[in-house]
Amino acid sequence: MKKTTPIRIELVRRRVRAIGLMSGTSHDGVSAAVAEIDPRAHPPARLIAFHTFPYPEQLRTELLEASGGAKIGAGALSKLNFLLGRELGRAAHAIARRSRTSLDTIAFIGSHGHTLFHLPPGRARRGEVASTLQMGESAVIAAMTGLPVVADFRPMDIALGGEGAPLAPLAHLWLFADAKLGRVVQNIGGIGNATYLPPKASTGNLNLIAFDTGPGVGLIDALASRISAGRMRMDRDGRIAARGHVRKEFLSELMRQPYFKRRPPKSTGREEFGRESLDRIVAFGRRRDLTDFDLMATVTALTARSIGDACRRFIAPHGRIDQLIVTGGGARNPTLMKMIGAELPDVDVTTAGRVNADGDALEAVAFAILGYEMLSGRPGNLPSVTGARSPAILGKLTMPPTS
C-alpha cells in the first residue's frame, strides 16, 4: 500500500488514470474499469482495461434477498456493507493487475457501489420519504488500496428533489456526442435507461434528455432462473425467447403499467420491476396457459416495447433519432436486439462496440468520470435529466490511511 498525502483538487485538473467501480441491478458482480481521463482530449475518457468480477454465490444470494425486499436487521445490513466494500476493493486490485497498472499511478477510485434501495420523489407516496441507499463501504476500499475513494453519488441529487438517476448521461455526452447524428444511448442492464444526444450536443448545452425506460434484462434473467429452477442465470443469447411467440394481448396488458406513461424526469428499479412484478407476470401467464417459451418471448418483448415506446413518446418530440446505441448485457441478446429493431424500423439499432466503444465498461467508466468531476469541483448531475433543483457536486470523498 502506498503512502499518501491529502489529495489536492488541482491534481485532477489534468490527464489522470482512475478506477471506476460499479455493481448493477443484475447482481452479477463488480464491474471494474481503468480509464485515462483528460478533458482536453477527444473523447475525454479512454478505456485502458475492463472486467466484471463475479460475486461469491453466497454474497450474491444475500444481495438478491436484500434488494428483493427481504426483512434483514441492522447487523446484517452493516455486514453486507463491509463485505461489498471488500469485494469492490478486491476488484480494484484485480483490474490494476489485469491492466499491468500500478496503483501508485492511479489518482483515485470512483465507486458507485450497489444500490440496495432507491425511492425517488417521483415514486414516493404520501407518508414515504424519498431516499436512496448504495452499499459498499468506501473506507474499506480506501484502506485496501491506499487510494482516495469518491462514492455515494446519488443522495445529493435526491436531496435536491431529483430522481438521483440516471447519472451516466454526462459520460454519454463525453463519449458519444456526434456533430451530425441524433443518438440515443440505451443501456440495458437490470433496468433500461436512455440518454438522448441531439446533433452537436456538447458540454456547453447540458439540456439533455435521459431517464429509465423500464425493465432491462432483470426480469428476463429472473424468469430464466425461475423456469430452470435456478440452473440458469440468464436467457443466454435469447435462445429461450427465440423459441416462443410473443402474446400480443399479454404484452399490451403489461404495457399498461403506469410507469411507462410517466413523463421524465423519472427513474425506476427492482421496487417496480423486480420479484413482485415477476410473480404477477408468471401468475398471469399461467392463467393464460403460456408455455415457458412464450412467457420468455413476451417478457423480452416487454423490454423492447418499453424502449420503443419511450423513444416515440418522450424523445422523438425533441429531435430526430438516427441511431440507438445499445450498451450493457442486453446488447448480447440477439433476440432482444431484433425486437428493438422491429420497434424502431427507421432507426439504426446498433451496439457500442460498432461505434468503437465498450458498452459493458460504460457505467464503470461513468463513475470514474463523476469522481473526476467531484474532485475538480464541478457538478455531476444534469438537472434537465434528474429533475433536481440545481446542479450539484456529487459524491463523498474518503481519504486512505496516511501511512
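Residues numbered from 1 in each chain as written. Predicted model: local features only at pLDDT ≥ 70, side-chain atom pairs only at ≥ 80, totals over all residues. Heavy atoms only, no water.

A. Inspection of the sheet that holds strand β7 (residues 183-188) at higher detail. In space, the 5 strands of this open sheet follow the order β9-β8-β7-β10-β11, with mixed pairing throughout. One side of each edge strand has no neighbouring strand; the edge strands of this open sheet are β9 (209-215) and β11 (348-351). Strand-to-strand twist in this sheet, taken as the mean axis angle between neighbours without regard to direction, amounts to 20 degrees. Alignment of β7 against strand β10 (residues 323-327), held across 5 bridges, turns out to be parallel. By the bridge assignment for β10, R183 is matched with Q323. The sheet contacts of helix α10 (residues 292-315) involve β7, β8 (191-197), β9 and β10, and relative to β9 the element is tilted by about 150 degrees. (Pairing = 2+ DSSP bridges. Helix = DSSP H or I, 4+ residues; strand = E, 2+ residues; numbered from the N terminus. Axes fitted to C-alpha atoms, helices over the stretch in contact; angles between N-to-C directions. Contact = heavy atoms within 4.5 Å.)

B. The packing of α10 against helix α11 (residues 334-343), seen in detail. It is at 9 Å that the axes of α10 and α11 come closest, and there the two elements cross at 40 degrees. For the element pair α10 / α11, the angle class is oblique. For α10 against α11, the interelement crossing comes out right-handed. Along its contact with α10, which presents A297, T300, A301, T303, A304, R305, I307, G308 and R312, the element α11 presents L336, M339, I340 and E343. Its residues placed into classes, the contact of α10 with α11 shows 7 nonpolar, 3 polar and 3 charged. (Parallel < 35°, antiparallel > 145°, perpendicular 65-115°, else oblique. Left-handed = near helix turned anticlockwise from the far one by under 90°. Nonpolar A, V, L, I, M, F, W, Y, C, P; charged D, E, K, R; others polar.)

C. Just the packing of aromatic side chains, in detail. The tally for this structure, following the rule as stated, stands at 6 aromatic pairs. Centre to centre, the rings of Y259 and F260 are 6.5 Å apart; their planes meet at 75 degrees, and the pair counts as edge-to-face. With a centroid separation of 6.0 Å and an interplanar angle of 80 degrees, the aromatic rings of Y259 and F273 are classed as edge-to-face. Remark: F273 occurs in the loop between α8 (248-254) and α9 (275-287) and Y259 occurs in the loop between α8 and α9; sequence separation between them is 14 residues. The pair formed by Y259 and F273 is uniform in burial state, with each residue classed as buried. Positioned above the aromatic ring of Y259 is the side chain of K266, whose terminal nitrogen or guanidinium carbon lies 4.3 Å from the ring centre. (Phe/Tyr/Trp six-rings, centres within 6.5 Å; stacked < 30°, edge-to-face > 60°. Buried < 20%, exposed > 50% of the residue type's maximum accessible area, 1.4 Å probe, protein only. Lys NZ or Arg CZ within 6 Å of the ring centre and 35° of its normal.)

D. A look at the pairing of β7. Across the 6 residues that make up β7, a large majority, 6, are buried. Both faces of β7 are covered, namely the face carrying R183, V185 and N187 and the face carrying V184, Q186 and I188. With 6 bridges joining them, β7 and β8 adopt antiparallel strand pairing. Across the sheet, residue R183 finds its bridge partner in β8, namely L197. Following β7, the chain reverses through 2 residues before pairing antiparallel with β8.

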